[in-house]
Each structure stands twice: as structure tokens, then as C-alpha cells.
Amino acid sequence: MRMSIDRRKLIVDAATQSFALYGYKATTMDQVAKLAGVGKGTIYTFFTTKEELFDEIMNTLIQDMKRVADQEYDPARTFFDNLSRILSRMLDYREQHQLAHKMVQEVRDMGTPKATEGLDRIERALLGYIEVKIGAAIEKGELKPCDPALTAFILVKLYFALATEWPKTNEPLDKERMTEIFRVYLMDGIAPQ
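Here we summarise the structure given alongside this text.

Let us now look at the nonpolar core. Core analysis: the biggest nonpolar cluster contains 54 residues, and I11, L53, I130 and F182 have the highest contact counts within it. Contacts of L53, omitting those with residues within four sequence positions, involve I11, V12, A15, M29, V32 and F47.

Quick look at the structure:
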């Protein structure tokens, strides 16, 4: 049984590497088998399709992102301090994690549906995570009653727009400035007086 677990991990690691290097569309099961040092048939012992293998990797990526976000969260900090730290780490994660970065490129350049679906899953997971934190902040009285799902969407989209869209035509904002913008523009709007 130990050998099966090791081979499965080899396959997942090799597929992650292949998707990160070549993208979803260009990755083949033959490439994965070669990178893993196993026969192609061995892959099909664990995964029936490339899509299933990709979904497994996406699940792992989302769990890893949640772990990273949990490490940033400190109940002693204010909601906006935690939010800023978590979103900053998620942006860094997306930029530094080869697979996430490659998926962003592939969606931008080719619009590959499965890569688009993968990015959508990551975004939904992040929005769900922030939504839970908003609900907790409302219960603690840190935020006025609001729709947590809508508020999560607005906050995440605003943060990523400031980080990725604003610099296209303006001087990039550092993390401290983005945190300040969140405080000035949002705290007065949804935090109790």
C-alpha cells in the first residue's frame, strides 16, 4: 500500500509541475508519466482523466491557500488588518505559485475553459473564506450588518483591482497604502461609528 501512495504523490507532483510549466491545455498524460517516471497506465490507476488529475491538484492548491490565509489571521487584530494581510498574502501566493501564475497567463492568452474553471474555483474559495470572516466580524460588532457574500466580493475585487489594474495606468500602490485606502474608504462605510 505504501508504494501506491508514493506513486500517486509522484503523479500529482509531476502533473503539478507539468501544468505549471506548460499550462492545462498543453499538458498531456504522456508528459505527466514521463515526469513522474511511471508508465501512462499507472496514472490511470489513480486518475481516469486529465481533468480529474487537475481537479485533485486544484483541491490541494485551495487547501494550501486556506492554510496560508489561516496563518495570517490573528483574532487579536482588527477585521481590516486581518483582511489586508490575508489578501496581500493571497496576491503574493498567486504571483509566486507557479501553477496559479501559469493559469492566469493561460486564461489571459488562450481562455482555456478548464484553466478558467480552476481560477474560478480559487476565487470562490477565497470569497467563501472572507465571507466567513465578515460574518464573524459582524457578530463581534466590528462591522455593521451587511450581506457577507456581497461584501466579500466587493472587498476582494477592490483589493485585486488596486493591486493589478491600478498599476497599469498609475504608480503601483504598496501594501501599506492599500491598507490605508481600505481604512479611509471602507471603514467609515461599513464599520460602526
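With that settled, consider the packing of aromatic side chains. Counted under the stated rule, the structure contains five aromatic pairs. The rings of F19, Y24 and F54 are connected pair by pair, giving a single aromatic cluster. In this arrangement the basic side chain of K50 is found over the ring face of Y24, its NZ or CZ atom lying 4.3 Å from the centre. Over the face of the ring belonging to Y73 we find K133, whose NZ or CZ atom lies 3.9 Å from the ring centre.

With that out of the way, let us pick up the environment of S84. Examined against the element boundaries, S84 turns out to sit in helix α5 (residues 79-96). Between the C-alpha atoms of S84 and L99, which are 15 residues apart in sequence, the distance is 24 Å. Not counting residues within four places of it along the chain, the set of residues in contact with S84 comprises Y159 and T179.

As a further point, take helix α7 (residues 113-139). Over its 27 residues, α7 extends 39 Å from the first C-alpha to the last, a length consistent with the 39 Å expected when each residue adds 1.5 Å. Backbone geometry just downstream of α7 places G141 in the positive-phi region, at approximately 85°.

On the secondary structure map, T42 appears in helix α3 (residues 40-46). Relative accessible area serves as the criterion here: at 17%, T42 is assigned to the buried category.

The residue Y22 is located in helix α1 (residues 2-26) in this model. Sequence separation between Y22 and L99 is 77 residues, and the spatial gap between their C-alpha atoms is 9.4 Å. Apart from the residues lying within four places of it in its own chain, the contact partners of Y22 are T27, Q31 and K102.

In this section: the pattern of salt bridges. Evaluation of the coordinates by the stated rule reveals 15 salt bridges. Between K114 and E117 there is a salt bridge whose closest N-O contact spans 3.1 Å. One end of the pair is K114 and the other is E117, both in helix α7 and three residues apart, which spans about a single turn. Since its relative accessible area comes to 14%, K114 is described here as buried. E117 gets classed as partly exposed once you look at its relative accessible area, which sits at 35%. In this structure, the salt-bridge partner of E123 is K157, at a minimum N-O distance of 3.1 Å. Of the two residues, E123 sits in helix α7 while K157 sits in helix α8 (residues 148-165), which places them 34 residues apart along the sequence. Via salt bridges that share partners, D55, K114, E117 and R121 belong to a single interconnected network.

About the criteria used
Residue indices begin from 1 for each chain and proceed along its sequence in written order. Reporting in this predicted model follows two pLDDT cut-offs: at least 70 for local features of residues, and 80 or more for side-chain atom pairs to be given and counted; totals over whole chains, interfaces and linings ignore these cut-offs and use all residues. To obtain the side-chain values, all non-hydrogen atoms of the structure were included, while hydrogens and water were left out. By nonpolar core is meant a set of buried Ala, Val, Leu, Ile, Met, Phe, Trp, Tyr and Cys residues that side-chain atoms within 4.5 Å join together. Buried means the residue's accessible area, taken with a 1.4 Å probe over protein chains only, is under 20% of the maximum for its type, while exposed means over 50%, and partly exposed covers the values in between. Contacts were defined at the residue level, with two residues in contact if any of their heavy atoms lie within 4.5 Å. Here a Phe, Tyr or Trp ring, Trp counted by its six-membered ring, pairs with any other such ring whose centre lies within 6.5 Å, and the pair is stacked when the planes are under 30 degrees apart, edge-to-face when over 60, and tilted otherwise. When the NZ atom of lysine or the CZ atom of arginine is within 6 Å of a ring's centre and also within 35 degrees of its normal, the charge is said to sit over that ring. Runs of E in the DSSP output that reach at least two residues are strands. Runs of H or I that reach at least four are helices, and both are numbered from the N terminus. One fewer than the residue count of a helix, multiplied by 1.5 Å, yields its expected span. Take a side-chain nitrogen of Lys or Arg and a carboxyl oxygen of Asp or Glu: if they are within 4 Å of each other, that pair is a salt bridge.

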